Amino acid sequence: MAAKCQIVTLREQVNNFIKSRILSGEIKAGERINEFELAEELGISRGPVREALRQIEQEGLVSYEANKGCRVKKLTIQEIYEMSLLRADLEILAVNVCKGNYSDASLKEMEIHVERIDEYDKERNLGKIIEEDQIFHELLVREPGLSYLMKLWHMLDVTNFAVYSTLDSLGLLCYGKIGRNHRELLECVKTRDVEVITDNLKHHYISVSEFVRKVMEK
């Protein structure tokens, strides 16, 4: 049987292009996205650009403001807290379900991605940091083999991008510590001790929103 050909629509291509610009840091949180300029750059009409932006808005990565157009979404302190809390809770649930018993294969794969996070952290490559962070944390959730838990966790993918983008735009992303923090979490996962892992996960996520809150309230 011949392999099925996957057709990527123009809107999907534009969607991916805009997202890559945001996640690479070329378009920062709070910055306006100019539909006309994007259309000119891509050599297309504004229609597909507008459609792609509407889809990205539904995903939560951009927002429309009256008389101001479309901007990359900048999260509030409360939103950062809620996103961090939800991701932490889902990952802690995964740890509890598998009783912290992560396979040697999973730990080896995590090691690879932590090394990459550390490398990109030194380079201050935000797009790659986010990419590797996503894969590392997905491995934590994947272990118990619960498909609906995995789906729920993936629903927060875009918001995780928005958190990183917002922190970077505020100058609050602690480059130099991102790799170290993930290394610390991995060492906890290696213990296969549920309490040790979940305590670190709480700190890993919630400490971010607490740090932002303290800085912003000064």
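Note that the structure is a prediction, hence the values are computed from the model and not measured.

What counts and how
Residues numbered from 1 in each chain as written. Predicted model: local features only at pLDDT ≥ 70, side-chain atom pairs only at ≥ 80, totals over all residues. Heavy atoms only, no water. Helix = DSSP H or I, 4+ residues; strand = E, 2+ residues; numbered from the N terminus. Rg over C-alpha atoms; globule rule 2.2 N^0.38 Å. Buried < 20%, exposed > 50% of the residue type's maximum accessible area, 1.4 Å probe, protein only. Contact = heavy atoms within 4.5 Å. Areas by Shrake-Rupley, 256 points an atom, 1.4 Å probe, with all protein chains shown as cover. Lys, Arg positive; Asp, Glu negative; His and termini not counted. Charge placed at Lys NZ, Arg CZ, Asp CG, Glu CD. Pairing = 2+ DSSP bridges. Axes fitted to C-alpha atoms, helices over the stretch in contact; angles between N-to-C directions. Parallel < 35°, antiparallel > 145°, perpendicular 65-115°, else oblique. Left-handed = near helix turned anticlockwise from the far one by under 90°. Nonpolar A, V, L, I, M, F, W, Y, C, P; charged D, E, K, R; others polar. Core = buried A, V, L, I, M, F, W, Y, C linked by side-chain atoms within 4.5 Å.

Caption draft 1: Main features of the overall build of the chain. The secondary structure content of the chain amounts to 10 helices and three strands. Taken from the N to the C terminus, the helices and strands of the chain come in the order α-β-α-α-β-β-α-α-α-α-α-α-α. For 218 residues, the compact-globule estimate of 2.2 N^0.38 gives 17 Å, and the C-alpha radius of gyration of the chain, at 19 Å, lies within 12% of that figure. Each of the 218 residues in the chain was classed as buried or not, and the buried ones make up 43%. Sequence-distant contacts in the chain: of pairs separated by 6 or more residues, those separated by 24 or more amount to 72%. Carbon together with sulfur atoms contributes 51% to the accessible area of the chain, which is approximately 12100 Å² in total. Distance between charge centres in the chain, computed from 31 positive and 37 negative side chains, equals 2 Å.

Caption draft 2: Spotlight on the sheet that holds strand S3 (residues 69–72). On the basis of which strands lie adjacent, the open sheet formed by three strands has the order S1-S3-S2 and antiparallel pairing. The open sheet has two free edges, formed respectively by strand S1 (32–33) and strand S2 (62–65), since each of these has just one partner strand. Across four bridges, the pairing between S2 and S3 is antiparallel. Along S3, the bridge assignment pairs Tyr64 with Cys70.

Caption draft 3: A look at the packing of helix H6 (residues 126–142) against helix H7 (residues 147–154). Viewed as axis vectors pointing N to C, H6 and H7 meet at an angle of 155°, and their least axial separation amounts to 10 Å. Comparing the axis directions of H6 and H7 gives the class roughly antiparallel. H6 and H7 meet at a crossing whose hand is right-handed. Here Gln134, His137, Glu138, Val141 and Arg142 of H6 lie close against H7, whose contacting residues are Leu149, Met150, Trp153 and His154. When grouped by side-chain class, the residues that make up the contact of H6 with H7 number four nonpolar, three polar and two charged.

Caption draft 4: Representation of the nonpolar core. Judged by nonpolar contacts, the single largest core of 53 residues is most densely connected at Ile18, Ile33, Tyr102 and Met110. Not counting chain neighbours up to four residues away, the residues in contact with Ile33 comprise Ile18, Ile22, Ile27, Leu38, Leu53, Val62, Cys70, Arg71 and Val72.

Caption draft 5: Spatial organisation of unusual backbone geometry. Although it is not a glycine, Lys99 sits at a positive phi angle of roughly 55°. Looking at the secondary structure, you find Lys99 in the loop between helix H4 (77–97) and helix H5 (104–123). Residues other than glycine seldom take positive phi values, yet Arg192 does so here, at roughly 60°. Summarising the element assignment, Arg192 is placed in the loop between helix H9 (178–190) and helix H10 (194–216).

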